[in-house]
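# Descriptive structure summary
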Amino acid sequence: MSKSKQIGFTLLELLVVIVIIGLLAGYVAPRYFSQVGKSETQVARAQIDALEKALDQYRLEHRRYPTAEEGLVAIQPYLKKALPNDPWGRPYVYRVPGHAGEYDVFSYGRDGKAGGTGEDADIGFAGQAQDVSLNKR
């Protein structure tokens, strides 16, 4: 009688591979998801920059910035795309007069509340965010 060779993996080999995959996932996943939060913050900064440029174009044409009642909707013709919400789905905050200048444009960050740290920090605004006018839509 001749013995035929069994082809395949043993249960122990499969368990070792599963443990290694689990360890790699535990190491890589937190690093990946922290990058997602940083990229959302970078997107918000870029959008705020675009809004500020559109506000400057509006001012050149109208000799003033939009009022709080007009909101950011007034600068729609000066944007290449539709008026964006922040990366967390909320409208950007536009305040006239601003805390330190003629206007403020900012996002409350991931948590949607004034203040915060990390990804929850306000973006595009250095002072306290109070008495605000939201985009008029």
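So, a few notes on the structure that sits alongside this text.

The rules behind the values
- Residues numbered from 1 in each chain as written.
- Predicted model: local features only at pLDDT ≥ 70, side-chain atom pairs only at ≥ 80, totals over all residues.
- Heavy atoms only, no water.
- Helix = DSSP H or I, 4+ residues; strand = E, 2+ residues; numbered from the N terminus.
- Polar contact = N/O pair within 3.5 Å; in protein donor to acceptor, adjacent residues only side chain to side chain.
- Buried < 20%, exposed > 50% of the residue type's maximum accessible area, 1.4 Å probe, protein only.
- Phe/Tyr/Trp six-rings, centres within 6.5 Å; stacked < 30°, edge-to-face > 60°.
- Contact = heavy atoms within 4.5 Å.
- Salt bridge = Lys/Arg side-chain N within 4 Å of Asp/Glu carboxyl O.
- Core = buried A, V, L, I, M, F, W, Y, C linked by side-chain atoms within 4.5 Å.

### Quick word on the environment of Tyr 94
Structurally, Tyr 94 can be placed in strand S1 (residues 93–95). There is a polar contact of 2.6 Å between the side chain of Tyr 94 and the backbone oxygen of Pro 66.

### Some remarks on the side chain of Ser 107
Among the secondary structure elements, Ser 107 is positioned in the loop between strand S2 (104–106) and strand S3 (133–134). Of the residues examined, Ser 107 reaches a relative accessible area of 1% and is grouped as buried. Of the polar contacts made by the side chain of Ser 107, one reaches the side chain of Asp 86; its length is 2.8 Å. Polar contacts involving the side chain of Ser 107 include one to the main-chain amide nitrogen of Gly 109, which spans 3.1 Å.

### A few points about the packing of aromatic side chains
Tallied over the entire structure, the rule returns four aromatic pairs. Pairing Phe 106 with Tyr 108 gives two aromatic rings, centres 5.4 Å apart and planes at 85°, and the pair type is edge-to-face. Using a relative accessible area of 0% as the deciding quantity, one classes Phe 106 as buried. One aromatic cluster is present, built from ring pairs that chain together Tyr 65, Tyr 94 and Tyr 103.

### Examining the side chain of Thr 41
Tracing the sequence through the fold places Thr 41 in helix H1 (residues 11–62). Dropping the residues within four chain positions of it, Thr 41 is found in contact with Trp 88 and Ile 123.

### A closer look at unusual backbone geometry
A cis amide bond, omega -10°, links Val 96 with the succeeding residue Pro 97. Located in the positive-phi region is Arg 63, a residue other than glycine, with phi close to 65°. If you trace the backbone, Arg 63 turns up in the loop between H1 and S1.

### Regarding the pattern of salt bridges
Side chains carrying opposite charge are able to pair once their charged atoms draw close together. Enumeration according to the criterion identifies five salt bridges in this entry. The salt bridge involving Arg 59 is made with Glu 102; its shortest N-O contact spans 3.7 Å. With Arg 59 in helix H1 and Glu 102 in the loop between S1 and S2, this residue pair connects regions lying 43 residues apart in the sequence. The class for Glu 102 is partly exposed, based on a relative accessible area of 46%. The residue Arg 64 makes a salt bridge to Glu 70 at a minimum N-O spacing of 2.9 Å.

### Considerations on the nonpolar core
Leu 51, Leu 55, Leu 72, Ile 75, Tyr 92, Tyr 94 and Val 105 are the most contacted members of the largest nonpolar core, which has 17 residues in total. Of all the elements, H1 adds the most residues to this core, at six residues.

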